[in-house]
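Spelled out from the first residue to the last, the chains are:
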Amino acid sequence: MISPLRFYPPQAAQILMLYHQLQAFEQASPAQLLSVQQNQLLSLLKHAETHSTFWQERLRAAGFDARSANTRDAVDAFQRLPTLDRESLQEHSMTMRAHWPGLDQRKLIVASSSGSTGVPVRVEKDASTYMPLYSAISWQEGLWHQRDPRLPIAVIGTGLQAAKAGSWGHMYSAMGLNGPSEVRAAESASISEHLDWLMATRPAYLKCSPNLAAELAQCALDRSVTLPLKHIISQWERVTPRHRELCQRAFSAPVVDRYSCEEAGWLALACPHQSLHVTSASVLLEIVDDNSQPCPPGVPGRVLITPLQSFAMPLIRYELGDIAQWGNACTCGLPMPVIGKLWGRVRHMIDTPDGRRIPMPFLGDELGKLPAIRSFRIQQYQDGTLELLAETAQPLTETEKTLINAIFARNGLGSAPLLIRDQQQIHWGTTRKREEFVRVAGLASQQGARYNPSHE
């Protein structure tokens, strides 16, 4: 059927053009994806070596010469490069810039990390390329899930300014898709009050952190109220099985996972099968071991990213501080690599009495299945003692404490001293990302922590 010609504003037309290019990645073979990434990597390395003093030194030390390099040279030099940690990014941000003649400085934007690692960083991006690409990938993800932007959406997040709009954004209004949106600050009201607001506004979609979604779901179940949602769009935190189970029970809605960072934008998006596919068009993502060698599927490792369009300030083999593992190819048919599991932050590694380190979410996924525990934090003191802070409506029973001890023991922590403390509320602070595992200076005995008798 032939439709009348329709002319879009230049910004919307650019985003649509990028989206049509992204569609080609959905049909490519893994070999084609790799070839495209390597060609783009060559362009990025040549640019970085030419315009950045920091990268010129690093790349030449790795044997890369922009004047004569080909794709093979780029790949070989890339693999020889040391990883870029947050401290180096913080210290060398000025010389890491790769500004080229003719760059419009007014179009540079600065992204700041949350600083949750203790090392806040600032990254410059060229808005003229970054913003349309970010929007095109968002558009692609919405189409994967057949999201209808003519319906209302609610957004709740820490640090957000309250706002109402007649659409989900400029791209949607340019396309004539005018579903209302409303934004609220998470800290502006209690969970019960947020639920009251959602019950009154009845959005089709809710965008918030998975922890907040789970708290809203638990509140709805406790109050025996119904709020049907089409999707809960996750951001900022790792999605756990407990988040999914609570949201399905309370809202009959799936949690759609999305993996991103302030420094680079989108990294991986969930398909309708809930597999987390790397956004291969925009980022080269590695999962490596302690020796910076690739991890095979199923083996947790450190996440390194190279945003392939980061020309204003190239980030090459940048270590995010996350732990993840590769998964198997998805039956949805998309060729982009699948992240099988996100374990959380590198700093969320528990030290065992025998000197090993294990990812805390091993525990989290199991603790989250205990009905009595609404949320939790694990703390480890300098002497190796572990303390579980469990947010509960009622004090934990001895049976529940025994189950908790069994979970720790199954995960290799049976010989570690364990304290269990239940409380009505855990104070998380004001950052967007909750810290479910923290290290505490000093000894457990100096902090007034109480040992759990059932563990001794």
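Preceding this paragraph is the structure being described.
The structure contained in this document is the topic of the report that follows. Worth saying up front: this structure is predicted, and the values here are computed from it rather than measured.

The next subject is the overall build of the protein. Helix and strand content of the protein: 13 helices and 21 strands. In the protein, which comprises 456 residues, the share counted as buried stands at 53%. Counting contacts in the protein only where the partners sit at least 6 residues apart, residues at least 24 apart contribute 65% of the total. Surface exposure of the protein reaches about 21,400 Å², of which carbon and sulfur atoms provide 52%.

Summed over the entire model, instances satisfying the criterion amount to 14 salt bridges. For Asp65, the salt bridge is made with Arg67, and the minimal N-O distance between the two is 2.9 Å. When its relative accessible area of 26% is taken as the criterion, Asp65 is described as partly exposed. Residues Arg302 and Glu319 are paired through a salt bridge, measuring 2.8 Å at the closest nitrogen-oxygen approach. Residue Arg302 is located in strand β13 (residues 301–307), and its partner Glu319 is located in strand β14 (residues 318–326); the two are separated by 17 residues in the primary sequence. For Glu319, a relative accessible area of 16% translates into the label buried.

Further remarks concern the sheet that holds strand β20 (residues 418–423). Taken in spatial order, the four strands line up as β20-β19-β18-β21 in an open sheet, and their pairing is mixed. In this open sheet, the two edge strands, each paired with only one partner strand, are β20 and β21 (437–440). When the angles between neighbouring strand axes are averaged without regard to direction, this sheet yields 20°. Packed on one face of the sheet, helix α13 (residues 398–413) meets β18 (375–381), β19 (386–391) and β20 and runs near 135° to β20.

Bringing the environment of Gln23 into the picture now. On the secondary structure map, Gln23 appears in helix α1 (residues 10–27). The exposure class of Gln23 is partly exposed, given its relative accessible area of 30%. On a C-alpha basis, the gap between Gln23 and Gln140 in space is 8.1 Å, while along the polypeptide they are 117 residues apart.

Turning to the packing of aromatic side chains, a few remarks are in order. Using the criterion set out here, one finds six aromatic pairs in the structure. Seen in terms of ring centroids, Phe54 and Trp55 are 5.0 Å apart; in terms of plane orientation they differ by 85°. Their pairing is edge-to-face. For the pair Phe54 and Trp55, one class covers both residues: buried. Relative to Tyr134, the ring of Tyr130 has its centre 5.8 Å away and its plane inclined at 40°; by these criteria the two rings are tilted. With a gap of four residues between them, Tyr130 and Tyr134 both fall in helix α7 (residues 127–144), about one helical turn apart. Given a relative accessible area of 19%, Tyr130 falls into the buried group. Through successive ring pairs, a cluster of aromatic residues spans Trp139, Trp168, Tyr172 and Tyr205. Between the NZ or CZ atom of Arg317 and the centre of the ring of Phe78, over which it lies, the distance is 5.4 Å.

Read from one edge to the other, the open sheet built from six strands follows the order β4-β5-β3-β6-β7-β8, with strand pairing classed as mixed. The open sheet has two edge strands, β4 (163–165) and β8 (255–256), and neither has a second partner. Both strand β7 (residues 231–234) and β8 contribute to a ladder of two bridges, which runs parallel. In the strand pairing of β8, Ile233 is matched with Val256.

Orientation of helix α2 (residues 30–51) relative to helix α3 (residues 53–61), taken along the N-to-C sense of each, is 115°, at an axis distance of 6 Å. Crossing hand, α2 versus α3: left-handed. Facing Leu45, Ala48, Glu49 and His51 of α2, the residues of α3 in contact are Thr53, Trp55, Gln56, Leu59 and Arg60. For the contact of α2 with α3, the residue count by class is four nonpolar, three polar and two charged.

Here we take up the pairing of strand β5 (residues 181–185). Among the five residues that make up β5, four are buried, leaving the element largely enclosed by the rest of the structure. Here strand β3 (residues 153–157) pairs with β5 via five bridges, running parallel. Across the sheet, Ala154 pairs through a bridge with Glu182, a residue of β5. Summarising the sheet, β4 and β5 pair through three bridges and their orientation is antiparallel. By the bridge assignment for β5, Ala163 is matched with Val183.

Before going further, it helps to spend a moment on the side chain of Ser167. Topologically, Ser167 is positioned in the loop between β4 and α8 (170–174). Apart from the residues within four sequence positions on either side, Ser167 is in contact with Ser173, Leu177, Asn178, Gly179, Pro180 and Ser181.

The next subject is the nonpolar core. Judged by nonpolar contacts, the single largest core of 47 residues is most densely connected at Phe64, Tyr259, Leu267, Leu285, Ile305 and Ile339. A per-element tally of this core places α2 first, with five residues.

Here Ser234 lies in strand β7. Residues within four places of Ser234 in sequence aside, it is in contact with Cys208, Pro210, Val239, Val255, Val256, Asp257 and Arg258.

In this section: the pairing of β13. Among the seven residues that make up β13, seven are buried, leaving the element largely enclosed by the rest of the structure. Inspection of the sheet shows strand β12 (residues 283–288) paired to β13 by six bridges, in the antiparallel sense. Counted as the bridge partner of Leu285 is Ile305 from β13.

Reading the values: the criteria
- Residues numbered from 1 in each chain as written.
- Predicted model: local features only at pLDDT ≥ 70, side-chain atom pairs only at ≥ 80, totals over all residues.
- Heavy atoms only, no water.
- Helix = DSSP H or I, 4+ residues; strand = E, 2+ residues; numbered from the N terminus.
- Buried < 20%, exposed > 50% of the residue type's maximum accessible area, 1.4 Å probe, protein only.
- Contact = heavy atoms within 4.5 Å.
- Areas by Shrake-Rupley, 256 points an atom, 1.4 Å probe, with all protein chains shown as cover.
- Salt bridge = Lys/Arg side-chain N within 4 Å of Asp/Glu carboxyl O.
- Pairing = 2+ DSSP bridges.
- Axes fitted to C-alpha atoms, helices over the stretch in contact; angles between N-to-C directions.
- Phe/Tyr/Trp six-rings, centres within 6.5 Å; stacked < 30°, edge-to-face > 60°.
- Lys NZ or Arg CZ within 6 Å of the ring centre and 35° of its normal.
- Left-handed = near helix turned anticlockwise from the far one by under 90°.
- Nonpolar A, V, L, I, M, F, W, Y, C, P; charged D, E, K, R; others polar.
- Core = buried A, V, L, I, M, F, W, Y, C linked by side-chain atoms within 4.5 Å.

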